[in-house]
Amino acid sequence: AQSVTQLDSQVPVFEEAPVELRCNYSSSVSVYLFWYVQYPNQGLQLLLKYLSGSTLVKGINGFEAEFNKSQTSFHLRKPSVHISDTAEYFCAASGGGADGLTFGKGTHLIIQP
Amino acid sequence: DTAVSQTPKYLVTQMGNDKSIKCEQNLGHDTMYWYKQDSKKFLKIMFSYNNKELIINETVPNRFSPKSPDKAHLNLHINSLELGDSAVYFCASSPMTGHEQYFGPGTRLTVT
């Protein structure tokens, strides 16, 4: 069984500063990894995905993530955040089967002016 | 065009009632899912379904049942609603099992 750990429940950062949201996964088999963003009272929007290939993955809204197999990590980064990035961010993993995504508990990104 | 849609967006009902939430996707995907997001925003898979296979999370009470009239629809029926069923329910679809999923806007269910 997989597990996904998001180490920070809340991350405050100043506008235009860089940010990293941490995610670690636990899996004994191949794993696909995802980051989703949830704005208040909305559904989840896919930011980026790692299925195979290059370990540096670029997504929408200027976000990127790096798959690190030895560290079992998939941290999300953005070089300069904006007020509009304030949201809940979820890391998720799949073993490739039909049993759905396993989500982390989420990280609330708070952008301070 | 909305890719994954759910109705209703809000549902308020009393304990003991039976209710359904509808989900439709126009992405041509073969696999659909239902997730429950609790008050702490934790997301948990309830069901995954494609033309051939239904996978049920073993922790889901049998009061919950998915019904798929066709490939583009996966409805969620809930019998004998309980206070603990209050949550946001999300439908999702995927082009291939295990790959990225696209989520609907959610249905906020409140049981009083």
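These figures come from a predicted structure and were not determined experimentally.

Participant: So what about the environment of A:Asn68? Which residues, and what values?
Facilitator: Residue and element names in this part refer to chain A. Along the chain, the position of Asn68 falls in strand β8 (residues 64-68). The exposure class assigned to Asn68 is partly exposed, which follows from its relative accessible area of 27%. Spatially, the C-alpha atom of Asn68 lies 12 Å from that of Gly53, the residues being 15 residues apart in sequence. Look past the residues within four positions of Asn68 in its chain and what remains in contact with it is Tyr25 and Ser73. Side-chain polar atoms of Asn68 contact the side chain of Ser70, separated by 2.8 Å.

Participant: Which residues make up the sheet that holds strand β1 (residues 4-7) of chain B, and what values go with them?
Facilitator: All names here are of chain B. One open sheet accounts for 4 strands, arranged β1-β3-β8-β7; its pairing is antiparallel. Single-partner strands in this sheet number two, and they are β1 and β7 (64-70). Sheet twist, expressed as the average angle between the axes of neighbouring strands with direction ignored, equals 20 degrees. Bridge analysis of β7 against strand β8 (residues 73-78) gives 5 bridges, and the strand direction is antiparallel. Across the sheet, the residue bridging to Pro66 is Leu76, located in β8.

Participant: So what's going on with the packing of aromatic side chains? Which residues, and what values?
Facilitator: This structure, assessed with the given rule, holds 13 aromatic pairs over all chains. On the numbers, 5.3 Å between centres and 80 degrees between planes, the contact of A:Tyr36 with B:Phe103 is edge-to-face. Here A:Tyr36 is found in strand β5 (residues 32-38), whereas its partner B:Phe103 is found in strand β10 (residues 102-103) on a different chain. Here A:Tyr36 falls in the buried class, since its relative accessible area comes to 0%. We classify B:Phe103 as buried; its relative accessible area is 11%. Taken together, the aromatic side chains of A:Phe34, A:Tyr36, A:Phe90, A:Phe103, B:Tyr33, B:Tyr35, B:Phe90 and B:Phe103 make up a single cluster linked through ring pairs.

Participant: Explain the state of the cysteines to me, using residue names and the numbers behind them.
Facilitator: Residues and elements named next belong to chain A. Tallied over the entire structure, the rule returns 2 disulfides over all chains. Shown here is the disulfide that connects Cys23 with Cys91, its sulfur atoms set 2.0 Å apart. The sign of the S-S torsion, about -65 degrees, decides the handedness of the disulfide formed by Cys23 and Cys91: left-handed. Of this pair, Cys23 sits in the loop between β3 (19-21) and β4 (24-26) while Cys91 sits in strand β10 (residues 87-94), placing them 68 residues apart in sequence. On the accessibility criterion, Cys23 (0% relative accessible area) is buried.

Procedures and definitions
- Residues take numbers from 1 onward in each chain, read along the sequence in its written order.
- Written order determines the labels here, with chains lettered from A and ligands numbered from 1.
- For this predicted model, a pLDDT threshold of at least 70 governs which residues receive local features, and a threshold of 80 or more governs which side-chain atom pairs are given and counted, while totals over whole chains, interfaces and linings are taken from all residues.
- Side-chain measures here rest on the full set of heavy atoms in the structure, leaving out hydrogens and waters.
- Numbering of helices and strands runs from the N terminus, with a helix taken as a DSSP run of H or I at least four residues long and a strand as a DSSP run of E at least two residues long.
- Burial here depends on accessible area, computed with a 1.4 Å probe over protein chains only, as a share of the maximum for the residue type. Under 20% is buried, over 50% is exposed, and the range in between is partly exposed.
- Only heavy atoms matter for contacts: two residues are in contact if any of them lie within 4.5 Å across the pair.
- Polar contact criterion, stated in full: a pair of N or O atoms within 3.5 Å, where within protein one must be able to donate a hydrogen and the other to accept it, and residues adjacent in sequence count only if both atoms are side-chain atoms.
- Between any two strands, pairing holds if DSSP finds at least two bridges.
- All axes here are fitted lines through C-alpha atoms, helices being fitted over the stretch that makes contact, and every angle between N-to-C directions spans 0 to 180 degrees.
- To pair, rings of Phe, Tyr and Trp, with the six-membered ring standing in for Trp, must have centres within 6.5 Å; the planes then decide the type, stacked if under 30 degrees apart, edge-to-face if over 60, and tilted in the middle.
- Disulfide: a pair of cysteine sulfur atoms within 2.5 Å of each other.

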